[in-house]
Amino acid sequence: MERQGVITSPVEGYPWSDLDTPDTAGGCGRLLKVLLDGRCSYDCAYCGVRARKGGGPVGPAEIADAFLRMHREGRADGLFLSSGIAGDVDLAMEGIVETGEILRRRGFRGYLHLKVLPGAARADIADAARVADRISINIEAPSASRLSEVAGVKDYRCDIEKRQAWVAEAMPGRHTTQLVVGAAGESDAEILSCVARQYRRLAPARVYYSAFTPLAGTPLECRDATPLWRQRRLYQMDALVHLYQFSPDLLRDVMDDDGFLPDADPKRVLAENLPPVDINTAPLADLLRVPGIGPVGARRICAMRRTAPLVSPADLRRCGVRTKDAGPFVRFGREVQATLSSF
Ligand code: SF4
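Residues numbered from 1 in each chain as written. Predicted model: local features only at pLDDT ≥ 70, side-chain atom pairs only at ≥ 80, totals over all residues. Heavy atoms only, no water.

### What about the site of the ligand?
For step 1, the next point in the chain: Near the ligand you find Cys40, Tyr42, Cys44, Cys47 and Lys154, and these make up its full shell.
For step 2, the next point in the chain: The class makeup of the residues in the shell around the ligand is four nonpolar, no polar and one charged. (Near = heavy atom within 4 Å. Nonpolar A, V, L, I, M, F, W, Y, C, P; charged D, E, K, R; others polar.)

See the structure below:
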């Protein structure tokens, strides 16, 4: 099985390579995703690894050999490496780090993403950061109470949050994390407040959202799958918090009374509830609320209007604005209202 940018047939006869963790691979192309150990004694109710039988550990040297062979053959550009925790977490984490070290010693300079396991030692996290392009630890749920509903073994504060602070310290600005959406019954408002805190305190490069899918043999196999549109709306919400610096309070207004986003672009919903923005006088933060205006476009508008007022959609297009989207939500000031009809 092969998905875009992800290869899932790595080590001959070894089934445990089907990690469902998104990763842009630093733009490197095809990313091989592998578990060093396909067994896990933890009890995360949404996870297919716990439901599988067999799939014992593969040695770091064996994984490194297999990956380098695929890399030479042009079948894999980067490696994402994680592991189930069949026994000692330190042993599993050391195996991940050792694999990365072998690859670097053998001259691999491409993209390497090493997963930090819950409860990993601080020294192993630092070692992982020394050899990898990216390290990450999954928070999985937006709070300790939500995680406890689906994963009784993991201690959110100690095994995850404490380690996440070490991850951020070891690789500032280049670490990532992931949430499973919908497994623990959490609302989008809970996710929003967790994610805003993440960006404020730990500055991850990005947060990934993985829509929950029920897997056969797991305790949640009869639960409904989270619709993919929810995952998509959360990514849009994330961009507004992370890249556009929207306040969580503003986004909370887009959600329903139970704290869920509608299946609509949250930026557009917000704009529909606010008065039109005057292109020539609005502060940068207000320009960013307009659909079709991104951070670059908003800065260009501010620079352009310092020399002369913007008077037409053509002026906006010169700033990189998608005028079809922006049209209903902007005005140019009273003296040039007539031009709005030309959107
Ligand atoms: S610790 Fe990781 S591999 Fe183990 S059951 Fe939980 S999510 Fe699955």
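### What to know about helix 11 (residues 295–305)
For step 1, the next point in the chain: Burial in helix 11 covers these residues: Gly297, Ala298, Ile301 and Cys302. Looking down the long axis of helix 11, one finds its buried residues gathered within 140° of arc, a one-sided arrangement.
For step 2, the next point in the chain: The inward-facing, buried residues of helix 11 abut helix 10 (284–287) and helix 12 (313–318). (Buried < 20%, exposed > 50% of the residue type's maximum accessible area, 1.4 Å probe, protein only. Helix = DSSP H or I, 4+ residues; strand = E, 2+ residues; numbered from the N terminus. Arc of directions from axis to C-beta. Contact = heavy atoms within 4.5 Å.)

### Here's the deal with the packing of aromatic side chains
For step 1, the next point in the chain: Taken as a whole and assessed by the stated rule, the structure comprises three aromatic pairs.
For step 2, the next point in the chain: Consider the rings of Phe67 and Phe108, whose centres lie 4.9 Å apart with planes at 80°: the pair is edge-to-face. With Phe67 in helix 1 (residues 60–72) and Phe108 in the loop between helix 2 (89–105) and strand 5 (112–115), this residue pair connects regions lying 41 residues apart in the sequence. Judged on exposure class, the residue Phe67 and its partner Phe108 are both buried. (Phe/Tyr/Trp six-rings, centres within 6.5 Å; stacked < 30°, edge-to-face > 60°.)

### Some points on the packing of helix 3 (residues 122–131) against helix 5 (residues 156–170)
For step 1, the next point in the chain: One can describe the packing of helix 3 onto helix 5 by two numbers: an axis separation of 9 Å at closest approach and a directional angle of 35°. The chirality of how helix 3 crosses helix 5 is right-handed. Touching Arg122, Ile125, Ala126 and Ala129 of helix 3 are Arg163, Trp166, Val167, Glu169 and Ala170, all from helix 5.
For step 2, the next point in the chain: Residues belonging to the contact of helix 3 with helix 5 are distributed by class as follows: six nonpolar, no polar and three charged. (Axes fitted to C-alpha atoms, helices over the stretch in contact; angles between N-to-C directions. Left-handed = near helix turned anticlockwise from the far one by under 90°.)

### Thoughts on the confidence of the model for the chain
Atom-level detail of predicted coordinates should not be read off regions where pLDDT is low.
For step 1, the next point in the chain: When pLDDT is averaged along the chain, the result is 88; 87% of the residues meet or exceed 70.
For step 2, the next point in the chain: Low pLDDT, under 50, characterises residues 1–22; the stretch is placed with 68 contacts to residues that sit more than four places away or in other chains. (pLDDT = per-residue confidence, 0-100.)

### Comments concerning the pattern of salt bridges
For step 1, the next point in the chain: Under the criterion given, the structure shown has 18 salt bridges.
For step 2, the next point in the chain: The partner of Glu73 in a salt bridge is Arg75, with the nearest N and O atoms 2.8 Å apart.
For step 3, the next point in the chain: You can call Arg75 partly exposed: its relative accessible area is 37%.
For step 4, the next point in the chain: The residue Arg157 makes a salt bridge to Glu161 at a minimum N-O spacing of 3.2 Å. Separated by four residues within a single helix, Arg157 and Glu161 lie in helix 5, roughly one turn from each other.
For step 5, the next point in the chain: The class for Arg157 is exposed, based on a relative accessible area of 53%. (Salt bridge = Lys/Arg side-chain N within 4 Å of Asp/Glu carboxyl O.)

### Regarding the pairing of strand 5
For step 1, the next point in the chain: A two-sided burial pattern is seen for strand 5, the buried positions comprising Leu112 and Leu114 on one face and His113 and Lys115 on the other.
For step 2, the next point in the chain: Relative to strand 5, strand 4 (residues 78–82) is paired through three bridges, and the arrangement is parallel. Residue pairing for strand 5: Phe80 is matched across the bridge by His113.
For step 3, the next point in the chain: For the crossover that starts at strand 4, traverses helix 2 and ends in the parallel strand 5, the hand is right-handed.
For step 4, the next point in the chain: In this structure, strand 5 lies alongside strand 6 (residues 134–136), joined through three bridges in parallel fashion. Within strand 6, the position partnered with His113 by the bridge is Arg134.
For step 5, the next point in the chain: Chirality of the crossover, the property in question, places the unit of strand 5, helix 3 and strand 6 among those that are right-handed. (Pairing = 2+ DSSP bridges. Right-handed = clockwise from strand over helix to strand, strands pointing away.)

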